[in-house]
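Summary of structural features
Chain residues, written in single-letter form:
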Amino acid sequence: MLATELSNYYAEVKKHLDCPQQEKERLLCEANRLLLKLQADDPFLDYDKIAGFFGEPEEFAGFLMQRVDEKVIASYEKKRAIRKYLKLALVVCLAVVAVWYVYYTVSFRAGPQVKMTERLIIEEVSNDVKTSNISDDMGGFQ
C-alpha cells in the first residue's frame, strides 16, 4: 500500500519537474535517498508522515528544482521552444499545402479546357454536357 501511494506521489512530483529526463531521474533518486534516511529514523513511517515531511508534490518539485543548474534549465527551455515552433511551422506548411491542393484541383475541374490543335477548340464541361466553340485560325467563333 505504501509503495503504491509513493509511486503516485513520485509520478505527481515528476509531472511538476520542468527539466530534462536525466535531471528528473537524478532528482527522484535524490528524493528516494531522503526517503530512505527518513525511514531509517522511523521504521513505522506511513504515507501521511512522508507527505507531511516532503509537502505537496508541487512544493516538493519546486524544492528539487532549486537543485538544478540554471544552464541546464535554460538549454532545456530553449530546446522545448524550438520544438514548439518547429511543430507550429510544420502545421502551417501542411495547411498551406492542403489549401494549394484544394485550389489546384478545383480550378482545373471548374474551368474551360483548352486544346491547341490547328484550330482552337474550347470545351466547357458542366454537369456532364459538353459544348464546343470552334474557331478558325483568324476567324471568329461559330
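First, a word on what this report is: a plain description of the structure on this page. Only a predicted model underlies this, so the values are computations on that prediction, with no experimental measurement involved.

This brings us to the nonpolar core. In this structure, V13, L17, F60 and L64 are the most contacted members of the largest nonpolar core, which totals 20 residues. For this core, the secondary-structure elements that each account for two or more residues are α1 (2–16), α2 (21–41), α3 (47–54) and α4 (57–65). Not counting chain neighbours up to four residues away, the residues in contact with F60 comprise Y9, V13, A31 and F54.

When we look at burial in α4, the residues that qualify are P57, F60, A61, L64 and M65. Down the axis of α4, the smallest arc covering the buried residues is 140 degrees, so these residues share one side.

A few words on the pattern of salt bridges. As enumerated under the stated definition, the model contains 6 salt bridges in all. The salt bridge involving K15 is made with E12; its shortest N-O contact spans 3.2 Å. On the criterion of helical spacing, the pair formed by K15 and E12 is a turn pair, its members being 3 residues apart in helix α1. K15 gets classed as exposed once you look at its relative accessible area, which sits at 63%. R80 is the salt-bridge partner of D18, the closest N and O atoms lying 2.6 Å from each other.

Reading the values: rules and limits
Residues numbered from 1 in each chain as written. Predicted model: local features only at pLDDT ≥ 70, side-chain atom pairs only at ≥ 80, totals over all residues. Heavy atoms only, no water. Core = buried A, V, L, I, M, F, W, Y, C linked by side-chain atoms within 4.5 Å. Buried < 20%, exposed > 50% of the residue type's maximum accessible area, 1.4 Å probe, protein only. Helix = DSSP H or I, 4+ residues; strand = E, 2+ residues; numbered from the N terminus. Contact = heavy atoms within 4.5 Å. Arc of directions from axis to C-beta. Salt bridge = Lys/Arg side-chain N within 4 Å of Asp/Glu carboxyl O.

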